[in-house]
Amino acid sequence: MRRHIAQVGYAAIGLVANGQILALDKPDSLQPMGSCNDPSAEIHASKNPAMVDEAVTFTATITDGTPPYTIEWDFESDLSTSQFSYLDAPQAAYPEAGTYYIGLAVRDSLNCFTYVQHQQFVDGAEFEITNVGDLVESNGNGDMSIDPGETWATQVTIKNVGNATARDVHPLFVPSAGTGSVRAKRRGGPDGFGYVFSDSNDAECSYDFIDIAATGSALTFSTTGGAPALDDGTSGAVQLGHDFPFYGQTHSTLTMSANGYLSTDPNDVGFDHDNDCGIVSPSAGAPARLNAMHDDLVISHGYYQYFASCPRPLDGADNTGCSIFQWDDVAYFAAPGPPFFDLQAVLYDSGQIIYQKTSGDIFLGSNATIGLLNHAADDGLIYACDMPDSMPDNHAVCIMTAEPLNEAIQIVNPVPAMGRFNPNQSKSVAIEIYIPADFPCGDGFGLDMAGVVAEQGLDYGYNHRISMGEVGIDGQCTSAASTQLKGNVMVNPMPGLYTDPLRSGNATDMHFYPDADILAFGMYTGRENRDIGWYQSAGQRSPFGQMCTDLIEYHWNGTWVPGIDPTTEVAGRVCITQIDAGNAIDHIRFNNGRSMVGRMQFLSLSDAPTTTDYTGGWATPGQNWGDAVVTQGDIESHVLFFYDNNGDPTVAQGVVDNATGTAQMFSFKAHPPGRVWITPETFPVGTLTRTYSDANTGTVSTTIDYPAPDSATWNVSDVPMNRITVDVP
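A short tour of the structure in this document, coming up.

**A few points about the overall build of the protein chain**
(1) Moving on: Helix and strand content of the protein chain: one helix and 50 strands.
(2) Moving on: A buried classification covers 54% of the 729 residues belonging to the protein chain.
(3) Moving on: Carbon and sulfur atoms make up 51% of the accessible area of the protein chain, which amounts to about 28600 Å² in all.

And the structure:
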C-alpha cells in the first residue's frame, strides 16, 4: 500500500535496565518503576482485516499485575496524543487502506506497566489517475486557443489500484492550487507541492557564485559517528538571518551536513553519506532536506552568511534577502583530492533556492542526489540522482515554486457519478472546465482530484494535481464572453447540519443565499488533540454546485471580552460541493499540509411538521460567537460556538424537544481531519436556554463549565440574539 502508519511504540523510547522500565517519554510516566510483576495484556479486534471506514471494536484481556488497571489506547501507535483513548472498548475506523499498529499501555495499581501492539489490516479501494487526455474545446469561438468564456473538456482515466471493490463512486475535482503552471522555461517538475527547476543551460538561471569564504561565519562541525567532523559531521542548528519557507513550513534554523545537504532537523548528525534516489526517507537524519549535492564528501570548511540584499540577484524578480551556505574545498571520501571545488546553496527569503558549484569536481555530480525532499518524505523534486555529468563545472540549479495556478476556473461536473469499481478496473470520465469571462489572460489553471468517496469509505487525493495549461497564447486572448454555459446543475442545499454517516464527530452547518449565490457555513471538527473547534466562512458558489473559499479561524488573546474583535487567521482552503440537496462533499486543505475529504449528509432529526422554523446562525452583533440552530418538527438542535479560557474556538452541542426549553449541552473529543476515527468521548458541560421574540430575534442564557483537564467557562444571561442567516428556498 502507498501509505502506512509508522511502527513506533512505547518500547522504542523506554530506557530499560535489569528488566525495569526507568523512564518513559510520556508526561505521566517519568517515575522509576521499581521491581514489578508487570501486567500482561492481549488486544482483540472485532474484525481483522476490516474495510476502510469500518468501525472495529478493540478490547483487551489483562492478567497478572495488581488490579485495578489503567489503560491507554494508541490508535496510530506514534505517541501522538491526539490519537489516544481511555475507553474500555473503543471503536476505531481508518480512512485509508494499509497496515496499522494499535498500541495498548496498561498500568496497574502499583504503577507496574506493560505495552503491547496489535497489527490491524485495512482493505479498501485506492484510486489513481493513470491518464489525462488533451483539452478539447466543447463550447467556444473555435480558434483553438483557450479563451475566457469558453468551456474545455479532458478525458481523465481513473484506476482502482486497491484490493477491494468500491460502489457508488464519486471522484471530487476542485480547482488546483499550489502545483503551478509549468511554463516551457521551467524544464523540470512540478512536484506535489509545486517546486520546479531549471539550470544554467537556461537563460533565466545564471551561474553567479558568491564566494563567502572571506566574509561568512566559519561553522564548527562535530561528529557522532566516529569519522572526522569534516567528513561525516554536522554544523548543528544554524540560526538564519531571515526565516526560510520550505514545503509550507517556516524555518528559522537549518543544519548543514559535510555531505552536501541541509536539514530542517536541528539534531541531524550529518552522518548520512549514502545518497538516495527517488522519494524515500533518508538513511539517517530528518526527512526534510535540501540536497545541494548529497554524496560522500569531505570538506575543509563550511560557511554561512545572510545578506539583506542578496549579491546574487534573483533571476527574473525583484531582489530579496538571502542566506548562503558554502561547502569549501570539497572532495570525495573515495578521492580526497586535490583537485577541490566549492559548493553553495543560496536560499532566498521568498523561498527560491539556487545550488551552485565551481570547477574542480572530478566526478561532476555523477554519484550525487540534487534536489529537495519534503518533511513527510513522500514528496520531493529530483534534479538528478547518480546521473553522469549532472553538475558540470561552473553550474547552477535554480529551484522555485511554479507560477501559481488561478483557482477561479469552474468545473462543470465536479463530482461525476462513476458507479462501481472493481480492483484493477479503470474508467474514464470527461471533465469539463469553464473559464470565466473575467479570467486573466495568460494565467495558468489546473485540476486536483482531491479525493474519491464511495458507499463504504473514501480515498484521499495524493499527487493527483493536473496542470492543464494557460489561457491564451503568449498572453493574447480572444474574448468569448458571449458563450453560453452548458450543464448548469444548480442545487440548493437543505439548510442545517451535515455530518459524515461513517465518521461521526465532525459537522458542517450550511446556509444558502440564492439571490447572491452565497453559501455560508460553520465547520465543527477536532483539533490535533481531539478537542472540538470551529471555523467559519462564506463564498460565492459556482453555477455547478461548488464553492471554494478560505477557511477562517477565530481566536482571542486570552479570555474572551465582549465588544472586542477576535483575531482572524486563514487556516486553509475549503471546497464544498453539492451532489444533491441533501448530500455534499467537503474538502479541507489546511496550511500545515493536512487534508480531508468528507462525504456529508443532511442530518435529519425529526419527520414531524415544523411550525415555527428557527433554523440558522444566531449571534449577538459585534461579539463573534453564537448559536447554530436547527429546527425540525418538535426537535431543536443547538451548536454553541464560543471560546475557551485560552481564547481558542470551542463548541458545545445539545438537543431540546421544544423551541423554548433548556438543552443539556455536551462537548466531546472528535477526530482531526484526515486522521483515524475514534469513538467520540462525550461529556456534559452545562445548559443552554433559548427564548424567541419572533422568528428572527430572541435571547440566550448559558451555564457552561468544562471539567478538568479542559478549561472553558461560558456563563451569559438573557443575551439578545438575532438570526443572521435566512435561507430562501
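**Quick look at the sheet that holds strand β19 (residues 261–263)**
(1) Moving on: One open sheet accounts for six strands, arranged β17-β18-β19-β20-β26-β27; its pairing is antiparallel. Since the sheet does not close on itself, it has two edges, and those belong to β17 (234–246) and β27 (380–385), each with one partner. Neighbour to neighbour, the strand axes of the sheet diverge by 20 degrees on average, direction disregarded.
(2) Moving on: Relative to strand β18 (residues 249–257), β17 runs antiparallel, the two sharing seven bridges. Residue pairing in the sheet places F244 in a bridge with H251 of β18.

**Considering the state of the cysteines**
(1) Moving on: For the structure shown, the criterion picks out five disulfides.
(2) Moving on: Note that C310 is cross-linked by a disulfide to C322, the S-S spacing being 2.1 Å. The sign of the 75 degrees torsion about the S-S bond sets the C310-C322 disulfide as right-handed. One end of the pair, C310, is in the loop between β22 (301–307) and β23 (322–332); the other, C322, is in strand β23, and twelve residues separate them in sequence.
(3) Moving on: Taking relative accessible area as the criterion, C322 reaches 0% and is therefore assigned buried.

**Side note on the pattern of salt bridges**
(1) Moving on: Evaluated as defined, the whole model comprises eleven salt bridges.
(2) Moving on: In this structure, R530 engages E681 in a salt bridge whose closest nitrogen and oxygen atoms are separated by 3.2 Å. A residue pair is termed long-range when its members are at least 10 positions apart, and R530 in the loop between β36 (518–526) and β37 (532–540) and E681 in strand β48 (residues 681–694) qualify at 151 residues. In terms of burial, R530 and E681 fall into one category: buried.
(3) Moving on: In this structure, a network of salt bridges that share partners links the residues D268, D272 and R289.

**Quick look at the sheet that holds strand β49 (residues 697–705)**
(1) Moving on: Spatially, the eight strands close up into a barrel ordered β42-β43-β44-β45-β46-β48-β49-β50, and their pairing is antiparallel. Across this sheet, the average inter-strand angle for adjacent strands is 30 degrees, counted without regard to direction.
(2) Moving on: Bridge count for β49 against strand β50 (residues 713–723) is eight bridges, and the pairing is antiparallel. In the sheet register, D705 faces β50, and the bridge partner there is T713.

**Considering unusual backbone geometry**
(1) Moving on: Along the chain, P67 connects to P68 via a cis peptide bond; the corresponding omega equals 0 degrees.
(2) Moving on: With respect to the helices and strands, P68 occurs in the loop between β5 (56–63) and β6 (70–74).
(3) Moving on: Put simply, G337 and P338 share a cis peptide bond, and its omega is 0 degrees.
(4) Moving on: Within the secondary structure, P338 sits in the loop between β23 and β24 (341–348).
(5) Moving on: Positive phi values are uncommon outside glycine, yet D718 reaches one of about 50 degrees.
(6) Moving on: Within the secondary structure, D718 is located in strand β50.
(7) Moving on: The class of D718 is exposed, set by a relative accessible area of 53%.

So, how was this worked out
Residues numbered from 1 in each chain as written. Predicted model: local features only at pLDDT ≥ 70, side-chain atom pairs only at ≥ 80, totals over all residues. Heavy atoms only, no water. Helix = DSSP H or I, 4+ residues; strand = E, 2+ residues; numbered from the N terminus. Buried < 20%, exposed > 50% of the residue type's maximum accessible area, 1.4 Å probe, protein only. Areas by Shrake-Rupley, 256 points an atom, 1.4 Å probe, with all protein chains shown as cover. Pairing = 2+ DSSP bridges. Axes fitted to C-alpha atoms, helices over the stretch in contact; angles between N-to-C directions. Disulfide = S-S within 2.5 Å. Salt bridge = Lys/Arg side-chain N within 4 Å of Asp/Glu carboxyl O.

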